[in-house]
Amino acid sequence: MSMNTQGRPSTPGETASRGARKTFTGNRALDMEEPLIFEIGRTEVTGVDLAPPKPVKTRLGAMARTAPIDLPGLTEPEAMRHYVRLSRNNYAIDAGLYPLGSCTMKHNPRLNEKMARLPGFGDVHPLQPQATCQGALELIHELGRWLCELTGMASVAMSPRAGAHGELAGMMAIKAAIAAKGEAATRTVALVPDSAHGTNPATAALIGFSVKPVPAAEDGTVRAEAVKAALGPDVAAIMLTNPNTCGLFEPQIVEIAAAVREAGAYFYCDGANFNAIVGKTKPGDLGVDAMHINLHKTFSTPHGGGGPGAGPVVLSKRLAPFAPVPFVRKEGERFALVEHAEGAQSLGRVAAFHGQMGMFVRAFAYMLSHGADGMRQASEDAVLSANYIRASLVDLMSAPFGDRPCMHEALFDDSWLKGAGVTTLDFAKAMIDEGYHPMTMYFPLVAHGAMLIEPTESESKASLDLFIATLRDLAMSARRGETERFAGAPYHAPRRRLDETRAAREPVLKWTKPAPRPQARE
Ligand SMILES: *Cc1c(COP(=O)(O)O)cnc(C)c1O
């Protein structure tokens, strides 16, 4: 495979398996090759026509730019085509099953989009007078009330912009509570189990806690014994994910919560996997002090590729006074946005404004259209789908905790691939050729070569059956030693597998203009 100056494979059409003869353009029907915007854009072309600026007295002196700025310009139809063509290389939940574990990639009902685009929500401005956006404030208030109801918690902060941001807000509330008790100097440790999502130790470290790992037991869960052994007067909090990232409900969570509380510490629960237990279990009943909710996972909204996200954090009674501002309060028939903490205890502000309005609307529309029974059923179906996959593959693929039911996701490891000459990465790349986005790989770290599959409740039985049949076909192929199917995969994607070693050793960090393409002769 040859590379262009950017280190990208330069001849995407070369793969033998594509079979068809080369085309003049390099396109293959709807599969169109699209260069970078810098390769097709021209500075002199823009979609707008502005009057030339009036001359100004410049004070830049020798620092004034003399060379052209070289920003790419496109006409409107060119811009449209550029992004539409790129978008067709995207894999999306709207295109097929998206089995990323720990990510809950579920269908986003189109009704949500319609609601989010209503002008009163879609065009709301964070600085507009409160009297003019009472509906938006009411929705934030109502959504918060539902989140408290579903989690059994006392209070909620709506402003965090993502799960990790909610974690930060929750841990800051814990830190503020500890400081209020005069224990800031002594309680400096956060306990984080081995199987935790990377954001947990990162959050704890970011706000100045030192992270102490808690080992997971053989069966993939955290034992109260192990937590008790790690607790002491120096411990501020434990950060525990439930259901955990192995797809298991923590069976000793109540005992762990009691031990944490008894030791004078706080229980932060990572609620990213809430989709497995909505309507079944209330984290507040389990003894949780703070938990973020990834609205974009549990209550729909398409996510991935960096956004959007919303990570409200629910708080127990003892943490509620430390919640961040702003928040919405109902005063008679009106809704007021409280911008400044009234007591001295609020931890302050974690974001400029009140949160992601569009996501609040989508989440609320999702809740209203499902109702309490519908949300419970979504959780049950998500768990059923994951168990169907686990039970249908466990004879071929090794599952470290596969001898018992899982929650929302099924975890496999790579011990079944031993000696086959195929790795977890190869297996995932071969899934791309079959038209599937790979599952989560190499996470959680407690399983070697992990493959974590979360189908969610969105898939029909037919869709799950085809997915299972595909993975079985791949698995049998790997077991038969058909390494070629895996080693070079993906063969059919717009881009082939990167040479990751070369990319790490000789990274191309700067775009340089390629030489002009030779013109075809008459
Ligand atoms: C997704 C996830 C997070 C982080 O959430 P973001 O919204 O991506 O910031 C944290 N913990 C777990 C277990 C997750 O799955």
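Residues numbered from 1 in each chain as written. Predicted model: local features only at pLDDT ≥ 70, side-chain atom pairs only at ≥ 80, totals over all residues. Heavy atoms only, no water.

1. Examining the overall build of the chain
Selection rule: Secondary structure elements follow DSSP: runs of H or I of four or more residues count as helices, runs of E of two or more count as strands, with numbering from the N terminus. Radius of gyration here uses only the C-alpha atoms, and the compact-globule reference equals 2.2 Å multiplied by the residue count raised to the power 0.38. Here the term buried applies to any residue with accessible area under 20% of the maximum for its type, exposed to any over 50%, and partly exposed to those in between, with areas from a 1.4 Å probe on protein chains only. When checking whether two residues touch, look at their non-hydrogen atoms; a contact exists if any pair is within 4.5 Å. Surface accessibility in these figures is a Shrake-Rupley result with a 1.4 Å probe; residues are shielded only by whichever protein chains are displayed.
Check the secondary structure of the chain and you find 16 helices and 12 strands. The C-alpha atoms of the chain give a radius of gyration of 26 Å, which matches the 24 Å a tight globule of 522 residues would have. C-alpha extents for the chain along the principal axes are approximately 85 × 75 × 45 Å. Buried positions account for 47% of the 522 residues belonging to the chain. Put simply, of all contacts in the chain between residues at least 6 apart along the chain, 70% involve residues at least 24 apart. Working note: accessible area of the chain is about 26100 Å², and carbon and sulfur atoms make up 58% of it.

2. Things to note about the site of the ligand
For clarity, the threshold we go by: Nearness of a residue to a molecule or strand requires only that one of the residue's heavy atoms be within 4 Å of it. Under this definition, polar contacts are N or O atom pairs within 3.5 Å; protein pairs additionally need one hydrogen-donor-capable and one acceptor-capable atom, and for neighbouring residues in sequence, both atoms have to be side-chain atoms. Ten residue types, Ala, Val, Leu, Ile, Met, Phe, Trp, Tyr, Cys and Pro, are classed as nonpolar, four, Asp, Glu, Lys and Arg, as charged, and the remainder, Gly among them, as polar.
Inspection of the region around the ligand gives Ser 102, Ala 162, Gly 163, Ala 164, Glu 167, His 197, Thr 199, Asp 270, Ala 272, Asn 294, His 296 and Lys 297 as its neighbouring residues. Between His 296 and the ligand, the recorded distance is 2.8 Å, taken from a side-chain N or O atom to an oxygen atom. Listed by contribution, the elements that provide at least two residues to the shell around the ligand are α6 (163-180) and α11 (295-298). Top element by residues in the shell around the ligand is α6. It accounts for 3 residues. Partitioned by chemical class, the residues of the shell around the ligand number 3 nonpolar, 6 polar and 3 charged.

3. Things to note about the packing of helix α5 (residues 134-151) against helix α12 (residues 357-393)
Selection criterion: Fitted lines through C-alpha atoms serve as axes, helices being fitted only where they are in contact, and the angles separating the N-to-C directions of these axes extend from 0 to 180 degrees. Convention used here: angles under 35 degrees read as roughly parallel, angles over 145 as roughly antiparallel, angles from 65 to 115 as roughly perpendicular, and any remaining angle as oblique. Two helices cross in a left-handed way if the nearer one is turned anticlockwise from the farther one by less than a right angle. They cross in a right-handed way if the turn is clockwise.
One can describe the packing of α5 onto α12 by two numbers: an axis separation of 10 Å at closest approach and a directional angle of 45°. Taken together, the axis directions place α5 and α12 in an arrangement best described as oblique. Viewed along their axes, α5 and α12 form a crossing whose handedness is left-handed. Where α5 approaches α12, its residues Ala 136, Leu 139, Ile 140, Glu 142, Leu 143, Trp 146, Leu 147 and Leu 150 are matched on the opposing element by Met 357, Phe 360, Val 361, Ala 363, Phe 364, Met 367, Leu 368 and Met 375. When the residues that make up the contact of α5 with α12 are grouped by side-chain class, the tally is 15 nonpolar, no polar and 1 charged.

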